[in-house]
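The primary structure of each chain is shown beneath.
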Amino acid sequence: MNTQALSNFHVETDGRGVTTISLDIPGRPLNVMTYEVMEELESIIHDLENDPACKLAVFRSDKESGFLAGADVSVIAKIESTTHATQLIERGQNLFQRLEWLPMPTVAIIHGPCLGGGLEWSLACDYRIARDNSSTQIGLPEIKLGLIPGWGGTQRLPRVAGLSNALKLILTGKSLSASEAFDIGLVDRAIRPDDWDQGVDAFLEQVLQGRVGESRRRRPIWRRAFEATRLGRKMLFRITARSIASKTEHYPALGAALRTIRQSDGPTPEGYLRERNEFVDLLATPTCRNLLSLFVARERARNQSTWSSVKSAETPTPIRTVGVVGAGAMGAGIGQLAALRGYEVIMKEINSEAAAAGQQRIDKLISDYVRRKGIDPESRAAIEGKISFSCEDADLADCDLVIEAVVEREDVKANVFRSLDRVLRPDAILASNTSSLSVGRMAEATERPSQVAGLHFFNPVHRMELVEVVRAEGTDEATIARLVSFVRALGKTPIVTTDSPGFLVNRVLFPYLGEAILMVAEGFDVPTIDREIRRFGMPMGPLELLDQVGLDVAHHVAGSLDGVLPGVAPVVNCLAPFVEAGQLGKKSGSGFYVYHKGKRRGAAELPMFRGRDSRPAQARDFADDSLTAIQRRLIYPLLAEAARCHQEGIVSNAWAIDLGMVLGTGFAPHRGGPLHVIDSLGIERVTANLERLQYELGSRFTPPKQLIEMCRDGDRFFAKQAPSEPLAASSHGST
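Remember, it's a predicted structure, so these values are computed and weren't measured experimentally.

1. What to know about the packing of aromatic side chains
Then, in step 1: The full count for this structure, using the stated rule, is 11 aromatic pairs.
Then, in step 2: With centroids separated by 6.1 Å and ring planes inclined at 75°, the aromatic side chains of F536 and F667 adopt a geometry described as edge-to-face. Of the two residues, F536 sits in helix α22 (residues 526-536) while F667 sits in the loop between α27 (654-665) and α28 (674-681), which places them 131 residues apart along the sequence. Both residues of the pair, F536 and F667, count as buried.
Then, in step 3: Through a chain of ring-to-ring contacts, three or more aromatic side chains come together here, namely F9, F59, F67, F96, W121 and W151.
Then, in step 4: Here the guanidinium or amino end of R600 rests over the ring plane of Y593, the centre of that ring lying 4.5 Å away.

Right, dumping it as structure tokens:
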């Protein structure tokens, strides 16, 4: 085999006739499928097709980081013609078909990420074995990008893992651990790290000797029999179609995936043709373009150079020991996450009783994590060993970073900073988890303003991906670089904001939440408001969200934004009776809804608004934006505030504002974020409708100056992205 021209692969054949093809793309932390990789793999497969001496072909990665993280998404995002898209899909399908047809047995050896094109590569092999540790992830996540697997995944996965398992994996984009993949027959062996080398060698020897059984037999016989019948498959498709029916309008890839998987029964080319056509059509949809844009934005946000001029290699004093002051819900979540990620953590509380309560919170978080991940007792003990508790500031003296997560009062937080400043090392960073207070004013209580910043985590910490890194006026570049690096190491995505009330997320979110509160006060029905916003694509309505956050927290945030945003005082006045009555939302059992044992039971009685019905007449002369009156009144304030934050430079880039709102609030991902929505509706249309709302409802709907200027100049927030040719023809059936 000629391997001299290969730059991404290393090929070696041993005396048994076992050819090992190892992938290692230079200069990349993870292997991804690029054009160059495809070209070299085509050459390797050509040689294997004509190599009678090869008895077994083994595909693996030489990178410890993993097998293959899929196709290069940035390349997919730049595709602008259907011809280009069609060629890419056909090339990948043909490549993996040739791999499947190789005359010798083939084995994929998997560790770390094996996602998207990586799994499709593996599915084209005869056998798959995987390292059974926490870093191994096996799945087809394309649905999260508004696409479907395009290189045979929709056709091969049902045959390998069964129809019901394939439907679940493809339609959710969920990834599996090695043991989970083994349980459904997706891999033939799940080998523990301690036995890895020996287990791999033993399996390859079994393949050479023809002694490997079918792992598909692990699936229950009744399920295999059911899925093998025409009636069984028809029932599965019917049930699945019903389960996704409410989502296909916003996420057309769900219907496309179902249509394509329908044609996976039997080795016929129609399924691959359907897969290709559906993929190409989806690539042109607004949902796909928006989700791809968010993916690229996330990668940019996780790049340190996006936020700081300090290069990664120049970052001084890496953070190794983290102190957390306050072990309430937020502090406990931050401490537990840092320990999971390998940091030494010192939790500080005001007394032993508070410390014991904090320890219980962390123990519960760790127990939940152990249950979700199947962690062994030894690993749990290692996590717990990373965390210690103290009631003395002096015990934080050697921390590289201390995060305060105490009560949301500026005077209390400033006192915490003043005390810590006296005991911490000169190079240590002080960070506040405040959601809206001035970090700069807290920094005035210290002698190290250049090393003071905000780290605003969202609740619950282990689920919410976004962290706002707040740059106060005196915060230096090295501090921002260290904090961005720390956030990335926690597995989170940082967005750097200026030190302005509410930062980005709360500031943009509040006008939307506040308008919902005012609408309830006017007599609008609570469930109707939430239902309309879920139809827009939000994961929950504004009143549901307020109950989750806590009406006392909302009242506090509203107070901090008074004077920054117009129309805040009426919202504060509407929330005050809830707080006075202890009607704080889910945590108190009642807010806008009633809760019993944490479950919502219906709309609550709202005596503070009883008898009110001051709803304004519905205008009929709005520019057509496809929104209902309720949706328009709630969404437009959010859009306007996002534009205002861009105008004021609260966050430096439009893409970062959209990413922050999607990650921090769940803003309808298929719409790309609020600034993408403005572009898609049309800036002139949005501005005109804001002016109409301003006339009817007041100055809080005043269009931002930037929108008016963009209307005049014909500008957009984002460059227009659309395929330059008509969509590929597809004969789509019903789901």
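2. Considerations on the pairing of strand β17 (residues 493-498)
Strand residues, when the strand is regular, have side chains that alternate between the two faces of the sheet.
Then, in step 1: Within β17, five of the six residues are buried, which leaves it mostly tucked inside the rest of the structure.
Then, in step 2: Chirality of the crossover, the property in question, places the unit of strand β16 (residues 466-471), helix α20 (residues 477-489) and β17 among those that are right-handed.

3. A closer look at the pattern of salt bridges
Then, in step 1: Following the criterion strictly, the structure yields 42 salt bridges and no others.
Then, in step 2: As a salt-bridge pair, R274 and E278 come within 3.0 Å of each other at their nearest N and O atoms. Of the two residues, R274 and E278 are both situated in helix α12 (residues 269-283); the distance of four residues between them amounts to about one turn of the helix.
Then, in step 3: Residue class for E278 comes out buried when judged on its relative accessible area of 1%.
Then, in step 4: Taken together, the shared-partner salt bridges in this structure form one network comprising R507, E641, R644 and E648.

4. What to know about a nonpolar patch on the surface
Then, in step 1: Taken together, the side chains of W222, F226, L231, M235 and I239 present a nonpolar region at the surface, about 540 Å² in accessible area.
Then, in step 2: Listing elements by their share of the nonpolar patch, those giving two or more residues are α9 (221-228) and α10 (230-244).
Then, in step 3: When residues in the nonpolar patch are grouped by element, the largest group, three residues, is from α10.
Then, in step 4: Checked against the element boundaries, M235 lands in helix α10.

Scoring rules and cut-offs
Residues numbered from 1 in each chain as written. Predicted model: local features only at pLDDT ≥ 70, side-chain atom pairs only at ≥ 80, totals over all residues. Heavy atoms only, no water. Phe/Tyr/Trp six-rings, centres within 6.5 Å; stacked < 30°, edge-to-face > 60°. Helix = DSSP H or I, 4+ residues; strand = E, 2+ residues; numbered from the N terminus. Buried < 20%, exposed > 50% of the residue type's maximum accessible area, 1.4 Å probe, protein only. Lys NZ or Arg CZ within 6 Å of the ring centre and 35° of its normal. Right-handed = clockwise from strand over helix to strand, strands pointing away. Salt bridge = Lys/Arg side-chain N within 4 Å of Asp/Glu carboxyl O. Patch = residues over 30% accessible without salt bridge, like charges linked within 9 Å, V, L, I, M, F, W, Y side chains within 5 Å. Areas by Shrake-Rupley, 256 points an atom, 1.4 Å probe, with all protein chains shown as cover.

The values reported here are purely geometric and, on their own, carry no functional implication.
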